[in-house]
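# Inside the fold
Here is what each chain is made of, one letter per residue.
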Amino acid sequence: MNTKQMDMFMKHFDRYFEQTDCTVLHPVAEGPYHVDVLLYKPTEKYPFWKLVTMGASDYKMPKVQNTIAMRNEYIMFVDK
């Protein structure tokens, strides 16, 4: 994911979570790719933590029969 794609990706989740205050967690990683995590705090409207991967789609998934998903990002909702 390049910088422009990352900005567009973050704007997408900012819009749908109705927040612009996410924290970006940058793990230490070696190799050509790394996966960041966007962390959104609980709000009154969405009273749970929202974690979103950013960069996982740079890794091509193994082909699985009867699926179209070759590249994925992941979202996790965690109770506050």
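Computed from a predicted model, the values in this text were never measured in an experiment.

Here the focus is the packing of aromatic side chains. Per the counting criterion, the structure on display carries six aromatic pairs. Measuring from ring centre to ring centre gives 6.3 Å for F17 and F77, while their planes differ by 80 degrees; the resulting arrangement is edge-to-face. Of this pair, F17 sits in helix α1 (residues 3-17) while F77 sits in strand β4 (residues 75-79), and the two are 60 residues apart along the sequence. An angle of 75 degrees between the planes, with centres 5.2 Å apart, marks the rings of F48 and F77 as edge-to-face. In this pair, F48 sits in strand β3 (residues 48-54) while F77 sits in strand β4, placing the two residues 29 residues apart along the sequence. Put simply, the rings of F9, F13, F17, Y40, Y46, F48 and F77 pair up and form one aromatic cluster.

What follows covers α1. Taking 1.5 Å of rise per residue, the 15 residues of α1 would be expected to cover 21 Å, and the 21 Å separating its terminal C-alpha atoms lies within 8% of that figure. Where α1 is concerned, the buried positions are M6, F9, F13, D14 and F17. On an axial view of α1, the arc spanned by its buried residues comes to 135 degrees, and they lie on one face. Relative to its buried face, α1 has exposed residues pointing more than 90 degrees away, namely K4, M8, K11 and R15. Close packing links the buried residues of α1 with β2 (36-40), β3 and β4. The N-capping residue of α1, defined by a side-chain oxygen 3.1 Å from the backbone nitrogen of K4, is N2. Backbone geometry just after α1 places E18 at a positive phi near 55 degrees.

With that out of the way, let us pick up the pattern of salt bridges. Scanning all chains against the criterion turns up one salt bridge. Notably, a salt bridge pairs K45 with E18, separated by 2.9 Å at the nearest N-O pair. On the criterion of sequence distance, the pair formed by K45 in the loop between β2 and β3 and E18 in the loop between α1 and β1 (23-25) is long-range, its members being 27 residues apart.

The rules behind each value
- Residues numbered from 1 in each chain as written.
- Predicted model: local features only at pLDDT ≥ 70, side-chain atom pairs only at ≥ 80, totals over all residues.
- Heavy atoms only, no water.
- Phe/Tyr/Trp six-rings, centres within 6.5 Å; stacked < 30°, edge-to-face > 60°.
- Helix = DSSP H or I, 4+ residues; strand = E, 2+ residues; numbered from the N terminus.
- Expected span 1.5 Å × (residues − 1).
- Buried < 20%, exposed > 50% of the residue type's maximum accessible area, 1.4 Å probe, protein only.
- Arc of directions from axis to C-beta.
- Contact = heavy atoms within 4.5 Å.
- Polar contact = N/O pair within 3.5 Å; in protein donor to acceptor, adjacent residues only side chain to side chain.
- Salt bridge = Lys/Arg side-chain N within 4 Å of Asp/Glu carboxyl O.

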